[in-house]
Amino acid sequence: MTDRQPSTPGLDAFIDWPPEQVAPYLRDTTVSLATSGTSRWYFLEHWDPSAGYDTPQQFEHYGRHVISRVLEIAGMIFADGVRTLFIVGFGGGQAARDAPYRANMKWVYELLIDETTRRLYDEAGIGVRFPGGWHTIFAQMDALDLTERFLHIEEETARRERWLIWFVPDEVVPARVVPALQQSLEATGRAPSRRALCEVYYGRPLEQVDILIGNNKPILRGVCPPLMTLRDAYFTVSPITYLGRAQWRRILYDSLFSRRGHYRDFKAMTPEDVEEMRAFYQQHRDDILGLGAYHSGSQSWRP
């Protein structure tokens, strides 16, 4: 992420900035979305919960709505200047689900590369990548034919500047980087930098996710792309598919301005400032970010 500009705008003004004014701040920014809450969003907005989504036709209807909405959100993020957007491959625990769910997930993953979705990628000028253990997932789902199809769309869109990276977890040392790791160790006695390994793995010299946006319970397991680190993390209360421009810009503002460029100088604090800080921490001494409770009616965790 680029350094903070000399003057800090007000939040209300920043929310209304046109994308071309925001873009210089985000030239090297990497964002990741954890698309949890999509089923809740779907049943609240597009389908009767009592009907479920057990049949392939129902699950395809769900998948179409989710993919379309996720690509709308991606378009909003790309418009503000982000070039690399990671999205956690939704349904990451599908291999542990029952057979009907796994069969339906095969349908959904086909939707990521079918003609309808490919047209959306093309219209938005988005390059698509599928790093991580997709091959293992497809083997568990008896869907190995998807592997070649995923590779094909990667090759077709590789030259595009904006990359949408649908990822799932991989080995601690992914097989793709082993030759580069071995070569570096033999030549220098040292492992390559994280940035160099990411360039081998992703095809782009990345290093960290600058902004992670998740939903509901603040959980980090499974949301960090392979080989990368996380910097700023945010979690929406409503499902991620409700994410809109105002929310996105508020997150950006916090990451760009509220969290950056401030260095505490205790000697410069007035006695009033010190007492205000003391009162704030006394008031919130028992508060913990991330606590919540299970709501039995909606079968969901709430903060």
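Calculation notes
Residues numbered from 1 in each chain as written. Predicted model: local features only at pLDDT ≥ 70, side-chain atom pairs only at ≥ 80, totals over all residues. Heavy atoms only, no water. Core = buried A, V, L, I, M, F, W, Y, C linked by side-chain atoms within 4.5 Å. Buried < 20%, exposed > 50% of the residue type's maximum accessible area, 1.4 Å probe, protein only. Helix = DSSP H or I, 4+ residues; strand = E, 2+ residues; numbered from the N terminus. Pairing = 2+ DSSP bridges. Axes fitted to C-alpha atoms, helices over the stretch in contact; angles between N-to-C directions. Contact = heavy atoms within 4.5 Å. Arc of directions from axis to C-beta. Parallel < 35°, antiparallel > 145°, perpendicular 65-115°, else oblique. Nonpolar A, V, L, I, M, F, W, Y, C, P; charged D, E, K, R; others polar. Salt bridge = Lys/Arg side-chain N within 4 Å of Asp/Glu carboxyl O. pLDDT = per-residue confidence, 0-100. Phe/Tyr/Trp six-rings, centres within 6.5 Å; stacked < 30°, edge-to-face > 60°. Lys NZ or Arg CZ within 6 Å of the ring centre and 35° of its normal.

Of all hydrophobic cores here, the largest spans 57 residues; its most connected members are Leu-112, Leu-164 and Trp-166. If you tally residues by element for this core, the top one is helix α4 (residues 56–79), at 11 residues. Formed by 17 residues, the second largest nonpolar core is a distinct cluster that contains Phe-167, Tyr-202, Val-209 and Leu-227.

Taken together, six strands build an open sheet; the order of strands is β3-β4-β2-β1-β5-β6 and the sheet is parallel. Strands at the two margins of the open sheet, each flanked by one partner only, are β3 (126–129) and β6 (229–236). Each strand axis lies, on average, 20° off the axis of its neighbour in the sheet, ignoring direction. Judged from the seven bridges that link them, strand β5 (residues 208–215) and β6 form a sheet pairing that is parallel. Along β6, the bridge assignment pairs Asn-215 with Thr-236. Seen against the sheet, helix α8 (residues 145–157) touches β3 and β4 (162–167) and runs at an angle of roughly 145° to β3.

Residues Thr-117, Arg-118 and Tyr-121 constitute the buried set of helix α6 (residues 115–124). The buried residues of α6 occupy one face: seen down the axis, they fall within an arc of 100°. Set apart from the buried face of α6 by more than 90 degrees, the exposed residues are Glu-115 and Glu-123. Within two residues after α6, Gly-125 carries a phi angle of roughly 65°, on the positive side.

Let us now look at the packing of α4 against α6. Running from N to C, α4 and α6 cross one another at 5°; their axes reach a closest spacing of 11 Å. As the angle between them shows, α4 and α6 are arranged roughly parallel. Mapping the contact onto sequence places Arg-64, Ile-67 and Leu-71 in α4 and Thr-116, Thr-117, Leu-120 and Tyr-121 in α6. When the residues that make up the contact of α4 with α6 are grouped by side-chain class, the tally is four nonpolar, two polar and one charged.

Taken as a whole and judged by the stated rule, the model has 16 salt bridges. One salt bridge in this structure joins Glu-110 and Arg-149, with 3.5 Å as the shortest N-O distance. Linking Glu-110 in helix α5 (residues 99–111) with Arg-149 in helix α8, this pair joins segments that are 39 residues apart in sequence. By relative accessible area, Glu-110 is classed as partly exposed at 27%. One salt bridge connects Asp-232 with Arg-259, and the closest N-O pair in it is separated by 3.5 Å. Highlighted residues: Asp-232 in strand β6 and Arg-259 in the loop between α11 (245–258) and α12 (271–283), separated in sequence by 27 residues. Using a relative accessible area of 4% as the deciding quantity, one classes Asp-232 as buried. Sharing partners across several salt bridges, the network here consists of Arg-231, Asp-232, Asp-254, Arg-259 and Arg-260.

Right, let's talk about the confidence of the model for the chain for a bit. On average, the chain scores 91 in pLDDT, and the residues at 70 or more come to 94%. Counted against residues more than four places away or in other chains, residues 2–6, with its pLDDT under 50, gives 10 contacts.

All right, on to unusual backbone geometry then. Backbone geometry follows two general trends: most residues other than glycine have a negative phi, and most peptide bonds adopt the trans configuration. Phi at Asn-216 is positive, roughly 70°, even though this residue is not glycine. Here Asn-216 is to be found in the loop between β5 and β6. The phi dihedral of Leu-227 is positive, around 75°, even though this residue is not glycine. You can see Leu-227 is positioned in the loop between β5 and β6.

The next subject is the packing of aromatic side chains. In this structure the tally under the stated criterion is 25 aromatic pairs. Where Phe-86 meets Phe-167, the ring centres are 5.8 Å apart and the plane angle is 80°; that geometry is what we call edge-to-face. Separated by 81 residues along the polypeptide, Phe-86 in strand β2 (residues 84–88) and Phe-167 in strand β4 bring together distant segments of the chain. Note on Phe-86: relative accessible area 0%, which makes it buried. A network of ring pairs unites the aromatic residues Tyr-42, Phe-43, Trp-47, Tyr-53, Phe-59 and Tyr-62 as a single cluster. Just above the ring of Trp-163 sits the side chain of Arg-129; from NZ or CZ to the centre is 5.0 Å. Above the plane of the ring of Phe-14 lies Arg-249, whose end atom (NZ or CZ) is 5.8 Å from the centre.

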